[in-house]
Amino acid sequence: LGVAVVIPASCDALHGAARGGRGGVADPARRPVHAAPRRACRMNPEILATSHEAGLVALSFVVSALGAYTALAAAAAAARRSRPGHLDRFNVALAGLSLGGIAIWSMHFIGMIAWQVDIGVGYRLPETLVSLVAAVLVSTLALGWVAASGGEPRRIAVAGPLAGLGVAAMHY
């Protein structure tokens, strides 16, 4: 059992709505929102009980492990087959797809579906696809950067944070 805290709209949005504004934006026919006297705003977060569906959590782990294994195998093949000035792009792309799309993104998405809470939760297709593309693209770039050098420590030091930025971009 987990706990999620849901916080209502900000005080500015609440004050704007109370005066007929649009979420804190003043209506041109009325007095500006900031000119009205401020009153105390006390927010009362609501605590919701949450849980995770165990079968989906296990599936998320298995998908992540298989994707990571496939990515490492493809990255190793790319490193072996690459030579100075020529990168094995097929295996780099396969490694990026496996790591970003399967190991990282799918694991996260299955985990989000496994999360159970008594409120409506939905995922819009455009944002979901952008998230997937971000994870795959940045993973491919990071793995390609390392494979092109044969695993040079300086390249690994750059690729690690790059992959981390890809995961962060995937979340937003």
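As a starting point, this report considers the structure included with it. Model, not experiment: these values are computed from the prediction.

Conventions used here
- Residues numbered from 1 in each chain as written.
- Predicted model: local features only at pLDDT ≥ 70, side-chain atom pairs only at ≥ 80, totals over all residues.
- Heavy atoms only, no water.
- Helix = DSSP H or I, 4+ residues; strand = E, 2+ residues; numbered from the N terminus.
- Buried < 20%, exposed > 50% of the residue type's maximum accessible area, 1.4 Å probe, protein only.
- Contact = heavy atoms within 4.5 Å.
- Areas by Shrake-Rupley, 256 points an atom, 1.4 Å probe, with all protein chains shown as cover.
- Salt bridge = Lys/Arg side-chain N within 4 Å of Asp/Glu carboxyl O.

Topic: the overall build of the protein chain
Then comes step 1: From N to C terminus, the protein chain includes five helices and three strands.
Then comes step 2: Counting across all 172 residues of the protein chain, residues that qualify as buried make up 27%.
Then comes step 3: Long-range pairs, those at least 24 residues apart, make up 71% of the contacts in the protein chain between residues at least 6 apart in sequence.
Then comes step 4: Counting only carbon and sulfur atoms, one obtains 67% of the accessible surface of the protein chain, whose full area is about 11200 Å².

Side note on the side chain of Ser98
Then comes step 1: Mapping Ser98 onto the fold places it in helix H3 (residues 89–114).
Then comes step 2: Discounting residues that sit within four places of it in the chain, Ser98 has contacts with Gly67, Thr70, Ala71 and Ala103.

Quick word on the pattern of salt bridges
Then comes step 1: Tallied over the entire structure, the rule returns two salt bridges.
Then comes step 2: Of the charged contacts, one joins Glu127 and Arg124 as a salt bridge, the two residues approaching to 3.0 Å between their closest N and O atoms.
Then comes step 3: For Glu127, a relative accessible area of 45% puts it in the partly exposed group.
Then comes step 4: Note that Glu152 is salt-bridged to Arg154, the shortest N-O span being 3.4 Å.
Then comes step 5: Here Glu152 falls in the partly exposed class, since its relative accessible area comes to 32%.

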